[in-house]
Amino acid sequence: MEEKKTFRELGLSEEILQAIEKKGFEEPSPIQALTIPILLKGEKNIIGQAQTGTGKTAAFGLPILDTLTTNNSKHVQALILAPTRELAVQVSDEIISLKGEKRLSVAAIYGGQAMGEQLRRLRRGVDIVVGTPGRVQDHINRGSLDLSQLSFLILDEADEMLNMGFVDDIEKILESVPEEKKMLLFSATMPSKIKHIAKKYMGDYEIFEVKKRDLTSNLTEQIYFEVTRGDKFEALCRIVDIEEEFFGIVFCRTKVDVDDVS
């Protein structure tokens, strides 16, 4: 049985180790143990096959925070792309909580948030930007997001971003960043589009996978039905009726909806 490593053994600095201790992390998850030492060395680009809940934000966040300089430059040093604004905010909050006393600024930019506030924040200078592809591309087009000195580009939940139709935005962003930056791609699955992006933009890269039992099963069938709001409850009832034994979870937008449906 392989002995588990500690965060200290992965090569992280005392400053970051103190932040980890305050967070209450005791030992690295499998994806963290695999990727952190490689990222600290900065020798290769990385593809990490891991789903949400495996600790991948810290897997890329900790070594990036440890590597970036605090030189008060107004240039963005790291860009993290996420498929949704909810995930962008979540990743941004996690990065902020992991940086400890290190003087690095972090900002989340995404659609649905006032552009003016984002423009003011970017003008003040940000070290790490976490954003959705569409809004990041908007800022690049406006000239408000300077990626000319980018050191790290991370694609978080890359398969979800591609499924949501962000492939063109992602490719445009990849074409506008320096070739010498380090690129990290995290995804639960490895469809052909991701392999195409890796081959075209990542150069020398290494793939790390968590154990198969920890990965999302590709056998799960996902289906959606487009119906009007007034027909949703009737459609749900029909789906329940179709199954001889129905076991499931129904998510609703509000507490009132939960009461009505139940």
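Each value, and the rule that gives it
Starting afresh in each chain, residues are numbered from 1 along the sequence in its written order. With the structure being a predicted model, the display of local features is reserved for residues of pLDDT at least 70 and the display and counting of side-chain atom pairs for 80 or more, all residues being used for whole-chain, interface and lining totals. Side-chain numbers here rest on the full set of heavy atoms in the structure, without hydrogens or water. What makes two strands pair is DSSP finding at least two bridges between them. Only DSSP runs of H or I reaching four residues or more are called helices, and only runs of E reaching two or more are called strands; each is numbered from the N terminus. For every element, the axis is a line fit to its C-alpha atoms; helices are fit only across the contacting stretch, and the angle between N-to-C directions ranges from 0 to 180 degrees. Any residue under 20% of the maximum accessible area for its type is buried, any over 50% is exposed, and the rest in between are partly exposed; the area is computed with a 1.4 Å probe on protein chains only. N or O atoms closer than or at 3.5 Å make up a polar contact, with two conditions inside protein: a donor-capable atom paired with an acceptor-capable one, and, for residues adjacent in sequence, both atoms drawn from side chains. Should any heavy atoms of two residues lie within 4.5 Å, those residues are counted as being in contact. Two helices cross in a left-handed way if the nearer one is turned anticlockwise from the farther one by less than a right angle. They cross in a right-handed way if the turn is clockwise. Ten residue types, Ala, Val, Leu, Ile, Met, Phe, Trp, Tyr, Cys and Pro, are classed as nonpolar, four, Asp, Glu, Lys and Arg, as charged, and the remainder, Gly among them, as polar.

Asker: Describe the sheet that holds strand E1 (residues 45-49), listing the residues and the values that go with them.
Answerer: One open sheet holds the seven strands; their spatial order is E3-E4-E2-E5-E6-E1-E7, and the pairing between them is parallel. Strands with a single pairing partner mark the edges of an open sheet, and in this sheet they are strand E3 (106-109) and strand E7 (205-209). Taken pair by pair, the neighbouring strands of this sheet meet at an average axis angle of 15 degrees, ignoring direction. Note: E1 against strand E6 (residues 182-187), four bridges, orientation parallel. Among the inter-strand pairings, Ile-47 is bridged to a residue of E6, identified as Leu-185.

Asker: Let's hear about the side chain of Asn-45: which residues, and what values?
Answerer: By the secondary structure assignment, Asn-45 is in strand E1. Judged by relative accessible area, Asn-45 falls into the buried class, the value being 9%. Of the polar contacts made by the side chain of Asn-45, one reaches the backbone nitrogen of Met-183; its length is 2.6 Å. In this structure Asn-45 touches Lys-181, Lys-182, Met-183, Met-202, Gly-203, Asp-204, Tyr-205 and Glu-206, once residues within four positions along its chain are discounted.

Asker: Explain the packing of helix H5 (residues 115-124) against helix H6 (residues 133-142) to me, using residue names and the numbers behind them.
Answerer: Where H5 meets H6, the axes come as close as 12 Å, and the angle between the chain directions of the two elements is 65 degrees. Crossing angle aside, the handedness with which H5 passes H6 is right-handed. Every residue of H6 that contacts H5 at Met-115, Gln-118, Leu-119 and Leu-122 is listed here: Arg-135, Asp-138, His-139 and Arg-142. Considering only residue class, the contact of H5 with H6 consists of three nonpolar, two polar and three charged.

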